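Residue strings, one per chain:
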Amino acid sequence: MYRTHSNGELRIENVGQEVILAGWVQKTRDKGFMIWVDLRDRYGITQLIFDADRTSKKMVEEAKTLGREFVIQVKGEVIERVSKNKNIPTGEIEILVKELTILNKSLVPPFTIEDETDGGDELRMKYRYLDIRRNPVKNNLIFRSKVAIETRKYLSDQGFIEVETPVLIKSTPEGARDFVVPSRMNEGQFYALPQSPQTFKQLLMVGGLDKYFQIVKCFRDEDLRADRQPEFTQIDCEMAFVEQEDILNTFEGLTRYLLKEINGVEVEKFPRITYEYAMKTYGNDKPDIRFDMKFGELNDITQHKDFSVFNNAELVVGIAVPGGNAYTRKEIDNLIEWIKRPQVGALGMVYVRCNDDGTYKSSVDKFYTEDDLAKWAEKTGAKAGDLICILSGNTDKVRTQLSALRMELATRLGLRKPNEFAPLWVLDFPLLEWDEETNRYHAMHHPFTSPKPEDMHLLDTDPGKVRANAYDMVLNGNEIGGGSIRIHDKKTQARMFDLLGFTPEQAKEQFGFLMNAFEYGAPPHGGLAFGLDRLVAILGGQETIRDFIAFPKNNSGRDVMIDAPSKIDDAQLKELCLKLDL
Ligand code: ASP
């Protein structure tokens with residue numbers, strides 16, 4: 001037996017017992033004739049004592065050879081500590097060591113294995129196996145496992161079955177580039193790694209499985225904006241014979257269950273807003289509603305004076321910053337600098353101070369009266385003591401900029417509390433979005449999403465206006481899940497491919513299998529997928545998904561630990577009929 005107990009287990013009640021423990025040397029304290037060692041494993045830390053008087057000099061000599069991260073096994077007696085440590089569960093006891101075995105030595109680790117480490121990001125990624133020994137990383141992985149297990153429990157109780165779908169597939173467009181894998185047996189041909197199991201789960205519905213889920217890896221070859229990973233995990237789900245309402249209820253149920261089981265938080269029924277409302281009110285389709293600061297559109301009440309900046313703008317819109325009148329001139333200038341940074345790109349900002357005595361003072365006093373400003377305050381919900389921040393210009397741009405400002409201010413004001421959860425549904429996404437670059441429509445969600453029946457007639461006349469039965473679940477300003485009711489008849493699917501610019505031949509070549517399946521009695525169906533990494537990070541009160549992935553990639557998509565991607569040798573290339581042209 002390697003061990004009788006873990007290092008997190010022994011208590012005062014165990015005093016007098018002979019035990020065997022194993023683990024890593026966290027640290028040693030050498031008092032000459034007595035040595036203390038903190039022994040660590042996944043479950044905790046237990047203090048060992050090597051004492052020349054009570055055991056032997058030899059024990060102490062052996063203990064002196066121990067270095068950080070050595071793997072050892074000890075046999076000894078549980079004794080009561082003289083000076084107790086109230087901060088750890090095993091703090092009342094220690095082990096008087098009678099036998100020591102060094103199971104493995106260790107080099108000095110390149111960073112400290114402590115909760116607060118001195119290791120930088122890249123170094124910790126390179127030695128991720130050491131990083132995982134640290135509590136914050138270890139606990140995140142345990143937390144992730146718990147979320148996955150609870151998800152499986154809930155969905156399986158609801159009658160979902162978990163089905164694996166292939167990883168070597170043909171491309172399924174979800175808006176990103178595919179990773180491709182050359183096929184040795186089919187010269188010159190390539191598999192794609194799934195951006196999601198989208199078409200497979202639909203085929204499982206045609207196959208009659210009725211309720212499917214899978215915790216599954218997905219692959220997207222995107223530019224890695226902050227906090228994205230080229231491979232990530234989805235809780236992927238699909239249901240047959242359902243309407244949007246059934247899906248919303250089922251997965252609201254899952255999220256509510258997770259919040260309760262994992263975080264002990266009960267949430268009300270999720271608010272539902274439309275995409276249009278979200279854009280108008282928060283400038284964003286994944287609003288953080290833990291705080292207010294709703295947009296107030298001010299065109300009507302600003303465009304009647306000589307202020308040409310506003311007069312020439314498509315949209316004039318403001319938010320009220322609670323307590324913002326307390327900002328000094330310098331702080332406001334700093335905010336203006338912030339929104340002018342290229343990452344945000346605003347040209348400037350107009351502001352109004354709402355004084356405690358009910359008067360107003362603005363940066364455009366030359367053009368507007370107190371009465372005007374009072375109206376702006378009303379529209380943005382500003383109260384005495386607040387600051388109104390106003391941006392103007394092109395509608396889409398201004399909304400994005402003000403939304404960025406809203407989030408930044410909320411962060412500065414401490415309104416984005418990690419242990420508060422504000423989920424909601426965003427509904428009625430547009431079916432298509434116009435892409436200026438390629439000069440054609442793209443599917444906003446994906447090409448298998450069903451138009452709303454009541455908007456079907458617009459497909460020919462005004463496709464950009466067609467809304468989809470598509471929905472996102474949003475939690476604390478992050479899209480944690482999204483899905484749609486699918487098209488399940490060949491005719492509509494063919495129409496959709498046509499709108500997206502596929503010729504009938506291209507559609508047949510790429511999606512013939514799906515169109516064929518639709519000819520054999522496809523049931524109405526729909527589903528959604530959660531981003532597990534992000535969901536776990538948010539439930540864990542954090543926003544960086546990398547911290548919840550055992551072996552993440554860096555911002556250039558590299559695994560710096562195993563050094564991938566890497567070259568392959570000429571023989572391999574030859575076998576695959578590939579020549580490099582670099
Ligand atoms: N496959 C979709 C996605 O990855 C989710 C869905 O429509 O179910 O976003």
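Before reading on, note that the structure itself is shown above.
Read on for a plain summary of the structure. Fair warning: this is a prediction, and the values are worked out from it, not measured in the lab.

## Digging into the overall build of the protein
Right, so step 1: The helix and strand tally for the protein stands at 17 helices and 22 strands.
Right, so step 2: Projected onto the principal axes, the alpha-carbon positions of the protein cover approximately 90 × 75 × 50 Å.
Right, so step 3: The 582 residues of the protein split such that 49% are buried.
Right, so step 4: Sequence-distant contacts in the protein: of pairs separated by 6 or more residues, those separated by 24 or more amount to 66%.
Right, so step 5: For the protein, the distance from the average position of its 78 positive side-chain charges to the average position of its 92 negative side-chain charges is 4 Å.

## Things to note about the packing of helix 5 (residues 198–206) against helix 15 (residues 504–517)
Right, so step 1: Put simply, helix 5 and helix 15 touch, their axes get as near as 10 Å, and they point 20 degrees apart. Classed by the angle they form, the pair helix 5 and helix 15 counts as roughly parallel. Relative to helix 15, helix 5 is oriented so that their crossing is left-handed. Where helix 5 approaches helix 15, its residues Thr-199, Gln-202, Leu-203 and Val-206 are matched on the opposing element by Phe-513, Leu-514 and Ala-517.

## Details of helix 11 (residues 370–380)
Right, so step 1: Taken as a whole, helix 11 has its buried residues at Asp-372, Leu-373, Trp-376, Ala-377 and Thr-380. Down the axis, helix 11 shows its buried residues gathered within 140 degrees of arc, on one side only. Residues of helix 11 that are exposed and angled more than 90 degrees away from the buried face: Asp-371 and Glu-378.
Right, so step 2: Positive backbone phi, at 75 degrees, marks Gly-381, one or two positions downstream of helix 11.

## Looking at the pattern of salt bridges
Right, so step 1: Counted under the stated rule, the structure contains 47 salt bridges.
Right, so step 2: One salt bridge in this structure joins Arg-3 and Asp-41, with 3.7 Å as the shortest N-O distance. Here Asp-41 lies in strand 2 (residues 34–41) and Arg-3 lies in the segment before strand 1 (18–30), a separation of 38 residues in the sequence.
Right, so step 3: According to the relative accessible area criterion, Asp-41 is buried, its value standing at 6%.
Right, so step 4: Via salt bridges that share partners, Asp-121, Arg-124, Arg-128, Asp-131, Arg-134 and Arg-546 belong to a single interconnected network.

## Observations concerning the site of the ligand
Right, so step 1: Inspection of the region around the ligand gives 14 residues, with Gln-198, Lys-201, Gln-234, His-445 and Arg-486 positioned closest.
Right, so step 2: Interatomic distance of 2.7 Å between a side-chain N/O atom of Arg-486 and an oxygen atom of the ligand.
Right, so step 3: Among the elements of the structure, helix 5, strand 21 (478–485) and strand 22 (525–531) are those that each provide at least two residues to the shell around the ligand.
Right, so step 4: The element best represented in the shell around the ligand is strand 22, accounting for 3 residues.

## Here we look at the sheet that holds strand 20 (residues 470–475)
Right, so step 1: Strand order across the open sheet formed by 8 strands is 6-9-10-22-21-20-17-11, with mixed pairing between neighbours. What marks the edges here is a single partner per strand, and that holds for strand 6 (161–162) and strand 11 (272–274).
Right, so step 2: Where strand 17 (residues 423–427) lies against strand 20, 5 bridges are found, and the strand directions are antiparallel. Looking at strand 20, one finds that Val-426 is bridged to Asp-472.
Right, so step 3: Against the sheet, helix 7 (residues 275–282) contacts strand 11 and strand 17, and its axis sits at roughly 85 degrees relative to strand 11.

The rules we used
Residues numbered from 1 in each chain as written. Predicted model: local features only at pLDDT ≥ 70, side-chain atom pairs only at ≥ 80, totals over all residues. Heavy atoms only, no water. Helix = DSSP H or I, 4+ residues; strand = E, 2+ residues; numbered from the N terminus. Buried < 20%, exposed > 50% of the residue type's maximum accessible area, 1.4 Å probe, protein only. Contact = heavy atoms within 4.5 Å. Lys, Arg positive; Asp, Glu negative; His and termini not counted. Charge placed at Lys NZ, Arg CZ, Asp CG, Glu CD. Axes fitted to C-alpha atoms, helices over the stretch in contact; angles between N-to-C directions. Parallel < 35°, antiparallel > 145°, perpendicular 65-115°, else oblique. Left-handed = near helix turned anticlockwise from the far one by under 90°. Arc of directions from axis to C-beta. Salt bridge = Lys/Arg side-chain N within 4 Å of Asp/Glu carboxyl O. Near = heavy atom within 4 Å. Polar contact = N/O pair within 3.5 Å; in protein donor to acceptor, adjacent residues only side chain to side chain. Pairing = 2+ DSSP bridges.

The values reported here are purely geometric and, on their own, carry no functional implication.
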